[in-house]
Structures are given as C-alpha cells and as structure tokens.
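The primary structure of each chain is shown beneath.
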Amino acid sequence: MENYKVEGIILKTDDFGDANRVITLFTKEFGKIEANAYGCRRVRSPLSGALQMFNHISAQITRGTKIDTIKDADIIHFYDEITKNLERLAYASLLFEIINRMTLPRQSELEIFRLLKKFLPIISERNPKIASLIGICQFMETSGVQLSFSRCIYCGKEILGDAAISFLDGGAICIDCIDSAQDFSPYPEVLRKTFEKMLSFDWKKDTKLNFNSRQLEIAENFLINYVQSLLGSNLRSINFIRELESLKI
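About the cut-offs
- Residues numbered from 1 in each chain as written.
- Predicted model: local features only at pLDDT ≥ 70, side-chain atom pairs only at ≥ 80, totals over all residues.
- Heavy atoms only, no water.
- Helix = DSSP H or I, 4+ residues; strand = E, 2+ residues; numbered from the N terminus.
- Rg over C-alpha atoms; globule rule 2.2 N^0.38 Å.
- Buried < 20%, exposed > 50% of the residue type's maximum accessible area, 1.4 Å probe, protein only.
- Pairing = 2+ DSSP bridges.
- Axes fitted to C-alpha atoms, helices over the stretch in contact; angles between N-to-C directions.
- Contact = heavy atoms within 4.5 Å.
- Core = buried A, V, L, I, M, F, W, Y, C linked by side-chain atoms within 4.5 Å.
- Salt bridge = Lys/Arg side-chain N within 4 Å of Asp/Glu carboxyl O.
- Phe/Tyr/Trp six-rings, centres within 6.5 Å; stacked < 30°, edge-to-face > 60°.

To continue, consider the overall build of the protein. Tallying secondary structure elements over the protein gives seven helices and eight strands in all. Since a compact globule built from 249 residues should have a radius of gyration of about 18 Å, the 20 Å found for the protein is in line with a globular shape. In terms of overall dimensions, the protein has a C-alpha envelope of 65 × 40 × 35 Å along the principal axes. Within the protein, the proportion of its 249 residues that are buried is 48%.

This is how it looks when you write it as structure tokens:
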C-alpha cells in the first residue's frame, strides 16, 4: 500500500470502538483529510500524545480503499495553553469547527493552513475572542465567501458612515441603493471599521489587539449569524461559548 507523509493541524477527533479515533487534519500538502488511528487512545500507544485537538504534527499515513490510516505521528508543536483554559478552548473550537464544516476534503488550501499556524500561538497567549473573530474573518476572505464590507455591492461606491448590509445580496449597501436589496439589516460604521481592521490584522505577536467589548459583541453576533446562514445549521461550539458566558454572570 502507498505511504505518504504530511504536515498538518488537527481540526477534529472522533472516537470509535474501544481505543480508536478518526482524525481530521488540515494539511499543508492536501488540505483537509481524514484518517483512522487504531489504538491511539491506549495509554501505551505511540500515537496517544500526538493525536490531540489543535496539535501541529507530522504524520506517516497509509492510503486505504475507503479511509487512510495514520501509522506514525510526531508533534511539531503542542498548544497545551489552549486545552488548559476553557475560554481559549471554546474560541479555538469555534474557528476549527467553521473551517472543518466549510472546507472540502483533499482540496489543497495553503493559505488556510498558514492561517491556522499563525492563529494557534496567538490564541494561546492573547485575547481568545479577538483572535477567533479575526481568524474567522480572514478564513472567510480566503475562502471567497466573505461579504463585501467596504463597498456597496450595487454601485461600488465606498461605504462611509452608517449603511445597510445584506446576507442574500452579499455585502454592504449604500443608502442610495437600499431599495434594491433583497434583505438588509443595519450596518453601523463601527461594525465596518471593526471588520476592516480584522481583515488587515497582522498575526505577528507584537501587533496590538485593541477592540472594545461592544465592538466585539456586535462583530461576533454578526459573523456567527452569517456563518450559520451559510451552513444552514447551528455551530455546536457556540453553545459551549454561551454556557461559559452564562457562568460569568
């Protein structure tokens, strides 16, 4: 059987049987792939430490007729700061769920892989909500499903001040074109500036993350509603985030 090697980041794990796991990897070489890891949940398995959510790994994989099998894996970087903090875990899970559900298997997307590599160290050390929302914004832009935030989708005019925005039409709508919209909701200037800042964010560790809580609340609700409208179903990780928020009240 054919063997191949990948560098990847673990998007998702699903247990099956007594000790096995299906691993979803976003790889540098092939985009998203799934592979079985037999026996990896046993304490003495050489795979047990490597095949955890958020790990950046290299893996030896054997191609199968239905699903491939991970034979060996080495950790390149282990982000235990994420798994030890519930808020970091929740917001990292949000981005990973979105990427997993909005990408197709074996379609090489190097920019998405690079985004994940840049995202993990930032969310491990800094504000997890901000890091996650920036990651979602930049992923949507890379994937080509981002709304037009800065120009009217009808006339192309630059949006200034408050305006409207439409999920169905694909973005911002200036006041002059609002009668042409299939649907629309308010699009305040503060939301537009927040998205523009997130899209242009540089993931270097010394880049400032300065958004106020109101900006983040509006941006989060808007992005989640938009993503869920594209998926046609709710995001499971949002329930986790809302539960954590309820504990803070």
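This part takes up the sheet that holds strand β1 (residues 3–16). The five strands lie next to each other as β1-β2-β3-β5-β4, forming a closed barrel whose pairing is mixed. Strand-to-strand twist in this sheet, taken as the mean axis angle between neighbours without regard to direction, amounts to 50 degrees. In the sheet, strand β2 (residues 20–27) pairs with strand β3 (residues 31–37) via seven bridges, with the strands oriented antiparallel. If you follow isoleucine 23 over to β3, its bridge partner there is alanine 35. Packed on one face of the sheet, helix α2 (residues 86–102) meets β1, β2 and β3 and runs near 110 degrees to β1. Contacts from helix α3 (residues 110–125) reach β1, β2 and β4 (56–62), with the element oriented near 65 degrees to β1.

Once that is clear, we can look at the nonpolar core. Counting 61 residues, the largest nonpolar core has Leu94, Phe119, Ile136, Phe195 and Met198 as the members making the most contacts within it. Among residues more than four places away in sequence, those in contact with leucine 94 are Ser132, Ile136, Ile224, Leu235, Ser237, Ile238 and Ile241. Counting residues in each nonpolar core, the second largest holds 17 residues, with Val6, Ala35, Leu51 and Ala73 among its members.

Let us now look at the pattern of salt bridges. Scanning the entire structure with this criterion turns up 17 salt bridges. Across the salt bridge formed by arginine 114 and glutamate 111, the nearest N and O atoms sit 2.8 Å from each other. Of this pair, arginine 114 and glutamate 111 both sit in helix α3, three residues apart, which is roughly one turn of the helix. On the accessibility criterion, arginine 114 (41% relative accessible area) is partly exposed. Several salt bridges share partner residues, and in doing so they unite Lys129, Glu220, Arg242 and Glu245 into one network.

This part takes up the packing of aromatic side chains. A full pass over the atoms with the stated rule returns ten aromatic pairs. A ring pair is formed by phenylalanine 54 and phenylalanine 96, whose centres lie 5.0 Å apart and whose planes are at 65 degrees; its orientation type is edge-to-face. Residue phenylalanine 54 is found in the loop between β3 and β4, and its partner phenylalanine 96 is found in helix α2; the two are separated by 42 residues along the sequence. A ring pair is formed by phenylalanine 201 and tryptophan 203, whose centres lie 5.2 Å apart and whose planes are at 85 degrees; its orientation type is edge-to-face.

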